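# Working through the structure, step by step
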Amino acid sequence: MCGIVGYLGSKEVVPLLLDGLRRLEYRGYDSAGITVLRNGSLETVRAEGKLDQLVEKLAGHAIRGSYGLGHTRWATHGAPSEQNAHPMVDSRQRVAVIHNGIIENFLTLKERLQAEGWSFTSETDTEVAANLISSYLDGDLKEAVARAAGELEGMYALAVVSTVGEREIVVTRHGPPLVIGVGEDEQFLASDPAALLAHTKDVVFLENNDVGRLTPEGIEIWDAGGARVERPVTRLNWDPIQAEKGGYKHFMLKEIHEQPLAVQETFAGRVDFERGQITLEELNLSEAAGRAIEKIDILACGTSWHAGLVGKFLIQGLARVPVEVDYGSEFRYRDPIVGPNDVAVGISQSGETADTLSALEAAADRGARLLSICNAPGSQIVRMTDGVIYTHAGPEIGVASTKAFTSQLVALYLLALYLRQIRGPALEPERLRALAHLPAAVDEVLGLEQELEQLARRYSRASDFLFLGRGINYPIALEGALKLKEISYIHAEGYPAGEMKHGPIALIDEELPIVAIATGDRVYEKVRSNMQEAKARGGIVIALTDRDPQEFDGIAAEVIQVPRVCEELQPIVNVVPLQLLAYYVGVRRGADVDQPRNLAKSVTVE
Ligand code: F6R
């Protein structure tokens, strides 16, 4: 969703703001803008469309200065247009505001402000915040922001500069993240640490309802009650180079190729192969607490929800704990039954997905212990849960999740094995050894890239795709379909193979490619029969298998042969060709694979 950047120091601010916004492009946006403070006045330039349009407009303005704000907007209130782009300046030209989130009571506030004589030029909720803050501004920007925030309902991260008072940026948040980068005589601000890595690794995450003030000398923070507080400085161990494309055409392709390392980093240091033990220190789950668990609720959205579905197979199968998996956006609305011995596990790459966070809150209200699986150090989900298993995938910039997904599956396997270790039956060493072989198997499957590029060429003009899987690979069919949809805009459905005959079989004709996952032994014969049913109706069957391709003679038009690993880890190997297929179909169709239309990387509104 919207990207926020800010800088205050002695350097030329415009290039810094544009660089920060470029690093946040992956979050998804439809307009952009900057405000710079110079000689006591605000200079604001905004443009609809991509950053290049903003850069073009800036070429006509010689804006210089050493502090200001930048924003990429993902439209919520009001269409994507220059007029609705941020920063928003109040009608008395005293403050400029950038905002991520939704202010729910903006209409009531707008009417009140209009009655007081404030005028509006946009349809946005953000302009309401700008006028409201200005209406309270009497020399002290921090006080004005704190007072205005007290009246805002909804979710927001706000950054504000003003012509009144000192050289300062004032920030506050309720919901969406804000992180301050601490420099020497300079401060940085962003909605995501990825924008700060090139400048500093020392960051401070604002807590909900904090108000922060950035000056060249340092940062000051006040909590919701107005008391001065110190928030810890977190040192990020992310390598800034990791957030660059490194010679690949797209982040997505680079991240697909980073998977052998990402899965390895996720189990490294947590598995003692010699003693046959798993240690998950940051999970903060004692053996007694682990043994007492009666049920696990997995809460997540999108690709992370697919990981949760695989997690259900792993945890129930390996540790015999009942598991339910819910969409973050649905959990609250079904009045879930959650007991004090239940655990809710939130899975989120970004750690900031509003629906997942709200679902966790609902579970906590009902007495559950909260755990998380997350890729973003210090993010909101990590701060609100009692323990975490970090996926060490490194920053994921491509909007379509790839390496975070496979790392989530590793984290879930570790959780399942850990529960088996403490609850019994005993943890067999071969289950750990299977992990040791996984990075090589993922590397091997990446060797299919050219084959998949050619396959993509043959089917990139299809208007629909069907993905079939059974058992632990059913969620991989869902994930294959989701990747294709979001990257190539081709309509795709993922289905449990056995369900095909209950409806989707009606869709099959000579034009429909059907990717069927037929690996392992447990449901192999059943899936093969389902493939035959599809073939008999004229469908184009593409088999993804760990068997001899000849077994599909007369059934499949194409065979993708992947290496065999243990059943529980096979989804990690199987999803990689589906990611590559989606990628190359998307590229072939000329889609913007790193930033698909309408999508955002971090979905911070409900
Ligand atoms: C799909 C994708 C999304 C995310 C979803 C949850 O490729 O990336 O479906 O998985 O928005 O995001 P996180 O994991 O950050 O909570």
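Our structure's up above, just so we're on the same page.
Below you will find a few notes about this structure. (Residues numbered from 1 in each chain as written. Predicted model: local features only at pLDDT ≥ 70, side-chain atom pairs only at ≥ 80, totals over all residues. Heavy atoms only, no water.)

Let's shift gears to the environment of Pro577. You can see Pro577 is positioned in helix H18 (residues 570–588). Note on Pro577: relative accessible area 0%, which makes it buried. The spacing of Pro577 and Glu451 is 126 residues in sequence and 9.5 Å in space, taken between C-alpha atoms. For Pro577, the residues in contact, after removing those within four places along its chain, are Val445, Leu452, Leu544, Ile560 and Val562. (Helix = DSSP H or I, 4+ residues; strand = E, 2+ residues; numbered from the N terminus. Buried < 20%, exposed > 50% of the residue type's maximum accessible area, 1.4 Å probe, protein only. Contact = heavy atoms within 4.5 Å.)

What follows deals with the pattern of salt bridges. As a working rule, side chains carrying opposite charge can pair if their charged atoms are close by. Applying the stated criterion to the full structure yields 40 salt bridges. Where Lys57 meets Glu82, a salt bridge forms, and the shortest distance between an N and an O atom there is 2.6 Å. Of this pair, Lys57 sits in helix H2 (residues 51–58) while Glu82 sits in the loop between strand E4 (67–73) and strand E5 (88–89); the two residues are 25 residues apart in sequence, bridging distant segments of the chain. Residue class for Lys57 comes out partly exposed when judged on its relative accessible area of 30%. Glu558 serves as the salt-bridge partner of Arg458, at 2.8 Å between the closest nitrogen and oxygen. Taken as a pair, Arg458 in helix H15 (residues 449–459) and Glu558 in strand E27 (residues 558–561) lie far apart in primary sequence, 100 residues in all. Residue Arg458 is classed as partly exposed on the basis of its relative accessible area of 49%. (Salt bridge = Lys/Arg side-chain N within 4 Å of Asp/Glu carboxyl O.)

What follows covers the sheet that holds strand E3 (residues 41–48). Here eight strands make up an open sheet; going across it, the order is E3-E2-E4-E1-E10-E9-E11-E15 and the pairing antiparallel. Strand pairing shows two members of the sheet lacking a second neighbour, E3 and strand E15 (234–235), which therefore form its edges. Here strand E1 (residues 3–8) pairs with E4 via six bridges, running antiparallel. Bridged to Gly3 within E4 is Thr72. The strands that helix H1 (residues 13–24) touches are E1, strand E2 (31–38) and E4; relative to E1, the one it contacts most, it runs at about 155°. Packed onto the sheet, H2 meets E2, E3 and E4 and runs at close to 135° relative to E3. (Pairing = 2+ DSSP bridges. Axes fitted to C-alpha atoms, helices over the stretch in contact; angles between N-to-C directions.)

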